[in-house]
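Here is how the chains run, residue by residue.
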Amino acid sequence: LTNAEYNYIREGMENYESAHKSGWTPRETHDSGIVFASDDYSVVTLNNSGGNYNAKSQLLKICGCIEEVIDEYTLYKTENKNKHQRSGHFVHHP
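Residues numbered from 1 in each chain as written. Predicted model: local features only at pLDDT ≥ 70, side-chain atom pairs only at ≥ 80, totals over all residues. Heavy atoms only, no water.

Considering the overall build of the protein chain
Stated formally: A run of H or I in DSSP counts as a helix once it spans at least four residues, and a run of E counts as a strand once it spans at least two, with each numbered from the N terminus. Three exposure classes are used, based on accessible area relative to the maximum for each residue type with a 1.4 Å probe and protein chains only: buried under 20%, partly exposed in between, and exposed over 50%. Contact definition: two residues touch when any of their heavy atoms are within 4.5 Å. Every accessible area reported is derived by Shrake-Rupley at a probe size of 1.4 Å, with residue values counting cover from the shown protein chains alone.
Assigned secondary structure in the protein chain consists of two helices and three strands. The helix and strand sequence of the protein chain, counted from the amino end, reads α-β-β-β-α. Looking at the protein chain as a whole, 27% of its 94 residues are labelled buried. For the protein chain, long-range pairs separated by at least 24 residues make up 31% of all intrachain contacts whose partners lie at least 6 apart in sequence. Surface exposure of the protein chain reaches about 6800 Å², of which carbon and sulfur atoms provide 53%.

Right, here's the structure in full:
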């Protein structure tokens, strides 16, 4: 699942490992997968129906937005963890 030829998630989110399954018809494009980020993961599903021939570029833009959210969350989580460790009041919340 990680080395498939048509992996829009991997192409749009190059900084993260992912496993996915894509499929398409003449009028639809789909890509679903799991994006692995540090010790967390996100499930991503991208769908485009209706014969839009710009579907790939739109899916890649959406992947870029999702990657930004994952990056921001990872940074927030790291900063928050470091803050609690310095204060001595670190509580792990999965």
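The discussion continues.
Description of the pairing of strand β1 (residues 17-25)
Applicable threshold: Pairing between strands is defined by DSSP: at least two bridges between them are needed.
Here β1 pairs with strand β2 (residues 28-37) via nine bridges, running antiparallel. From the neighbouring strand, tryptophan 24 faces β2, where its bridge partner is threonine 29.

Details of the environment of asparagine 7
Note that asparagine 7 resides in the segment before α1 (8-12). By relative accessible area, asparagine 7 is classed as buried at 3%. Considering only alpha carbons, one finds asparagine 7 and serine 18, 11 residues apart in sequence, at a separation of 9.0 Å.

Focus on the sheet that holds strand β3 (residues 40-49)
For clarity, the cut-off: Lines fitted to C-alpha atoms define the axes here, with helix axes fitted over just the stretch in contact, and angles between the N-to-C directions of these axes take values from 0 to 180 degrees.
Here three strands make up an open sheet; going across it, the order is β1-β2-β3 and the pairing antiparallel. Of all the strands in the sheet, the pair left with one neighbour each is β1 and β3. Geometrically, the sheet is characterised by an average inter-axis angle of 5° between neighbouring strands, direction not taken into account. Two elements, β2 and β3, share 10 bridges in a ladder whose sense is antiparallel. Bridging across to β3, threonine 29 finds its partner in asparagine 48.

What about the state of the cysteines?
Here is the rule: The term disulfide is used for any two cysteine sulfur atoms that are within 2.5 Å.
For the coordinates displayed, the defined rule picks out zero disulfides. The thiol of cysteine 63 is not disulfide-bonded; the next cysteine sulfur, from cysteine 65, is found 9.4 Å away. Overall, the relative accessible area of 0% leaves cysteine 63 in the buried class. Relative accessible area serves as the criterion here: at 49%, cysteine 65 is assigned to the partly exposed category.

A closer look at the nonpolar core
Going by this rule: Take the buried residues of types Ala, Val, Leu, Ile, Met, Phe, Trp, Tyr and Cys, join any two whose side-chain atoms come within 4.5 Å, and each joined set is a nonpolar core.
In this structure, Tyr8, Ile9, Met13, Tyr16, Val35, Ala37, Val44, Leu46, Leu59, Cys63 and Ile70 together form the largest nonpolar core, which totals 11 residues. Broken down by secondary-structure element, the contributors of at least two residues to this core are α1, β2, β3 and α2 (55-87). Take this core: its biggest share by element is three residues, from α2. Excluding its chain neighbours within four sequence positions, the residues that come into contact with valine 44 are Ile9, Asp31, Ser32, Gly33, Val35 and Ile66.

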